Amino acid sequence: NAGVTQTPKFQVLKTGQSMTLQCAQDMNHEYMSWYRQDPGMGLRLIHYSVGAGITDQGEVPNGYNVSRSTTEDFPLRLLSAAPSQTSVYFCASTPGGGPYEQYFGPGTRLTVT
Amino acid sequence: AQSVTQLDSQVPVFEEAPVELRCNYSSSVSVYLFWYVQYPNQGLQLLLKYLSGSTLVKGINGFEAEFNKSQTSFHLRKPSVHISDTAEYFCAVSVTPIMDSNYQLIWGAGTKLIIKP
């Protein structure tokens, strides 16, 4: 049982490049979320999914796309990277829509130059 | 809009001393309260949570927190800290949704606990 896994751990992009951050969970959780963490700002929700085929925007969705074709996977796409997207990205999953514990991946540190 | 305030960005404390990390939230309705810990270069993990019942909640690693509804606070405490407690601590609040069953978390900015030898 690996929990929530994220790849890559580190990534450097040039402005305008695109990439996909991968997230997978093996706990059969319905809900998955993407957060970004910036110093002094806590975690901000980018996108979330309440089940396969269903996604919705969070607090800071601009510049990011998501899809959820399976229960296990929830990739985050940066279409045209900008320096403002330099951050640490965390994927999290939770069993359902209630006030349950969120299980976090180890994070991806992204630098956009 | 709901908000969570962690009053201290950093808290330095000597090893074996007690510590309190403060958290206040803005909601006046029913809330669920959480503390998460993030060790260096790791993801976040749940430390403890308050859903209902006793206002004193015990978590992992000797931490506890007290829910105070009148002061809208959920301060985290440990009677004696260890060097291994060096981490960033996040308070989060979930408010009962009105329109759907999706309990989104509102996060505080985090408090870095610095243990001095």
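Read on for a plain summary of the structure. Fair warning: this is a prediction, and the values are worked out from it, not measured in the lab.

**Observations concerning the interface of chain A and chain B**
- In this assembly, 20 residues from chain A lie in contact with 20 residues from chain B.
- Where chain A abuts chain B, roughly 1600 Å² becomes buried across the two surfaces, and 54% of that area is made up of carbon and sulfur atoms.
- Interface area lost by chain A to chain B is led by Leu43(A), Pro99(A) and Phe104(A), which between them contribute 32%.
- Broken down by secondary-structure element, the contributors of at least two residues to the side of chain A that touches chain B are strand S4 (31-37) and strand S5 (43-51) of chain A.

**Remarks on the packing of aromatic side chains**
- All chains considered together, the criterion is met by twelve aromatic pairs over all chains.
- Ring centres of Phe63(B) and Tyr89(B) lie 5.4 Å apart, and the angle between their planes is 45°; on these two criteria the pair is classed as tilted. In this pair, Phe63(B) is assigned in the loop between strand S7 (56-58) and strand S8 (64-68) and Tyr89(B) in strand S10 (residues 87-95), connecting sequence segments 26 residues apart.
- Looking at Phe63(B), the relative accessible area reads 2%, which means it is buried.
- A relative accessible area of 0% means that Tyr89(B) is categorised as buried.
- Ring pairing ties together the aromatic residues Tyr35(A), Phe90(A), Phe104(A), Phe34(B), Tyr36(B), Phe90(B) and Trp107(B), which thus form one cluster.
- In this structure, Arg68(A) packs its charged tip against the face of Phe74(A), placed 6.0 Å from the ring centre.
- Sitting above the plane of the Phe14(B) ring, Lys116(B) keeps its charged end 4.2 Å from the centroid.

Each value, and the rule that gives it
Residues numbered from 1 in each chain as written. Chains lettered and ligands numbered in written order. Predicted model: local features only at pLDDT ≥ 70, side-chain atom pairs only at ≥ 80, totals over all residues. Heavy atoms only, no water. Contact = heavy atoms within 4.5 Å. Buried area = accessible area lost by both parts, 1.4 Å probe. Helix = DSSP H or I, 4+ residues; strand = E, 2+ residues; numbered from the N terminus. Phe/Tyr/Trp six-rings, centres within 6.5 Å; stacked < 30°, edge-to-face > 60°. Buried < 20%, exposed > 50% of the residue type's maximum accessible area, 1.4 Å probe, protein only. Lys NZ or Arg CZ within 6 Å of the ring centre and 35° of its normal.

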